[in-house]
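# Summary of the model geometry
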Amino acid sequence: MPEAMIEFRDVSKRYGALVANDHLTLTIRRGELMTLLGPSGCGKTTALRCLTGYIRPDEGRIFIDGKDVTDVPTHQRELGMVFQNFALFPHLTVRDNVGFPLMIRNLPKDQRTTMTADALRLVRLEGYESHYPRQLSGGQQQRVGLARALVYRPKVLLLDEPLSNLDAKLREEMRFEIKELVTRLGITAVYVTHDQAEALALSDRVAIMNRGRLEQVGTPEEIYEQPQSRFVAEFIGLSNFLEGRIEVVDGATMRVTVGDLKLTVPALPQTGPGQRVLIFVRPNEIELLGPDEPAGENVLEAQVEKATYLGDTMDYRLAFGQGLALRVQGDAQRRVSPGAPVRLRLPRIRCWALPGG
Amino acid sequence: MRFARAYIRGLWDGRMILGYTLLLSLTVFIVVPFLMIALRSVGKGWFGRLWLPPQLTLDWYRWAVEVGNIPEVMKNTLIIGIIATAISTVIGIFAGWAFGRRQMPGKEVAMAIVLLPRMIPPITYALGVAKTFYTLELVDTYLGVALAHVSVCAPYAILVLSATFEGLDERVLEAADVCGANTLKRFFYVVLPLIMPGILASMIFTFTHSYNEFTLTLLTYGPHTVTLPVRTYLAVGDGYWEITSAMAVIMVIPSLVILAMIQRRAEPEKLVGGFKGV
């Protein structure tokens, strides 16, 4: 059995001048949950629709389970899909909705009954067999959608923003339920979303897309801690960027000049002195120190410009150096008021250098 | 507070007055004439200023059937109605699909043109229709009269079916595909059940309209294609009010049957083609 379940090979799709997928090459492993994450219009939905066969790519091939499916029509691809707006059949009961893929495949009646009941048990919707979709809540409708997608045990489960029509609390609940279900069934799943928290919580791996291209593919930790581009860093979580120039590279670290300040950060491979770099650090990784703290590595003097109370944290805007500013989040129990002088430390291992400037 | 309450009560009374006025107009303008016709169709020797007919009879119905040739006329009306409905529904399905599912330039203008026959008085173009049909030898044929009816029935069908197709959720169709349905199965198991209420609604509208159509029939009918409204109108000209009333009552019966069908079978919320998702 090949390890790759789904392969995009150099897939491109254009709409006039708009490039929705630009030479997309991506491998999704058997049994993993891969999230396609990006802002709206980044091409993630186009990629998913290429996978379902609803859109035919202009160039490139798509493989599912080792088989080239680029020219296979949607109904022969043996997929399961969960839709953002649920897309249940409004004229059918829950039982018939879930049994629809089995009915289409002409399975014998008793087998259909057992498989439908199994799928409904899987999503904890026993007792709702005779309801119509409109009689169910959003969460229940999405469970029906999930059961319908899983009922005939497809090789691949596709989820197109399945939680964005649900309210926040339910969304979080369903997130874990989907994750648990996919892991238990060992099914390969492709999850499309624009919600970074969802992507980080659910995925085995995340593929971040921007303007039809892949920005980075990696585990949630890699994406969050080691972004490969400014776009990824900005898209996931909060971030600060400082533009600088490499002064010295010393093994695993390098010294970077930012304005009239010097910072020590982990080295960036294949770079040398004189090159421009971007230093990236998350607001909650920066340590806020008292004004009398002794100087040290990456310790800067700054002044509080703005302080906002966010409940569990305080959100500061700190000015330092020559016209530079950082966003810092600190403990709400230890507040610093605007105008106060502070010191702050950018821990070396929490800084991350990106090429360019 | 007291003023506010008085004000609200005043509004409430206003609503009651409005309600009763409407109810009264309904009675005066619909129920009373209808009762008069019904009474007249069974009354004998009902002249002068009597409130009720002195004698009841079913003779006028016998006359209507025998002299007025009502069975033949009813048959014509139904055949023309069925042809007009069939043609309008087919046009409606295709045009409705295009209007409801496709993006195209000038869609609003096209829709306005489609609706034109509904907006202008039929008599203005009925003359032109009549002239053309004489040339085409369509006058006094079932097809001819039905085609004339289509000019006002088809817009109804197109309007209703456009809304039906618009209400059809693209994602639901996609879901059917992903579930393994090919085009044929998707049509029979998903599309057809979802647009069926719309088709039924459109058929009821168009049939009723053709059944009631007068102006366009008057200019295209002939001895073999007399319809009920025209027959009733002609009977008025003959001066036999009792027979005319009997015909009018006969004419109303199918309309009432259809109304009962609508009430029973097609719930209003289903008429536009089902549930739209969220």
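None of these values were measured; they are calculated from a predicted model. (Residues numbered from 1 in each chain as written. Chains lettered and ligands numbered in written order. Predicted model: local features only at pLDDT ≥ 70, side-chain atom pairs only at ≥ 80, totals over all residues.)

### Re the overall build of chain B
The helix and strand inventory of chain B stands at 11 helices and two strands. Sequence-ordered secondary structure for chain B, helices as α and strands as β, is α-β-β-α-α-α-α-α-α-α-α-α-α. Whereas a compact globule of 278 residues would reach a radius of gyration of roughly 19 Å, chain B reaches 24 Å, over 25% beyond that. In terms of principal-axis extent, the alpha carbons of chain B reach across some 75 × 75 × 35 Å. Counting the 278 residues in chain B, one finds 35% classified as buried. When contacts within chain B are restricted to residue pairs at least 6 apart in sequence, long-range pairs at least 24 apart make up 78% of them. (Helix = DSSP H or I, 4+ residues; strand = E, 2+ residues; numbered from the N terminus. Rg over C-alpha atoms; globule rule 2.2 N^0.38 Å. Buried ≥ 20, exposed ≤ 12 C-beta atoms within 10 Å, placed from the backbone. Contact = placed C-beta atoms within 7 Å.)

### Quick word on the nonpolar core
Among the nonpolar cores identified, the biggest contains 145 residues, and Ala147(A), Leu157(A), Leu158(A), Val190(A), Ile279(A) and Met247(B) are the most heavily contacted of them. Here this core takes 15 residues from helix α6 (residues 142–166) of chain B, the largest share from any one element. Excluding residues within four positions of it along the chain, Leu157(A) makes contact with Gly80(A), Ala149(A), Leu150(A), Val182(A), Ile187(A) and Ala189(A). (Core = buried A, V, L, I, M, F, W, Y, C linked by C-beta atoms within 7 Å.)

### Description of the sheet that holds strand β7 (residues 156–160) of chain A
Residue and element names in this part refer to chain A. Read across the open sheet, the six strands follow the order β6-β7-β8-β3-β9-β10; overall the sheet is mixed. Either end of the sheet is taken by a strand with one partner, and the two such strands are β6 (79–82) and β10 (213–218). Each strand axis lies, on average, 20° off the axis of its neighbour in the sheet, ignoring direction. Bridge count for β6 against β7 is four bridges, and the pairing is parallel. Note that in β7 the partner of valine 82 across the bridge is leucine 159. Strands in contact with helix α4 (residues 138–150) are β6 and β7; relative to β6, the strand with the most contacts, it is inclined by about 175°. (Pairing = 2+ DSSP bridges. Axes fitted to C-alpha atoms, helices over the stretch in contact; angles between N-to-C directions.)

### As for the pairing of strand β14 (residues 276–281) of chain A
Pairing geometry for strand β11 (residues 240–250) of chain A and β14(A), over six bridges, is antiparallel. If you follow Glu243(A) over to β14(A), its bridge partner there is Leu278(A).

### A word on the domain arrangement of chain B
Residues and elements named next belong to chain B. When cut into domains, chain B gives domain 1 (2–57) and domain 2 (60–270). On a C-alpha basis, the centres of domain 1 and domain 2 stand 32 Å from each other. Of the residues lining the interface, five residues belong to domain 1; the matching set on domain 2 comes to seven residues. Of the residues contributing to the side of domain 1 that touches domain 2, the split by class is two nonpolar, two polar and one charged. (Domains from an automatic or database assignment. Nonpolar A, V, L, I, M, F, W, Y, C, P; charged D, E, K, R; others polar.)

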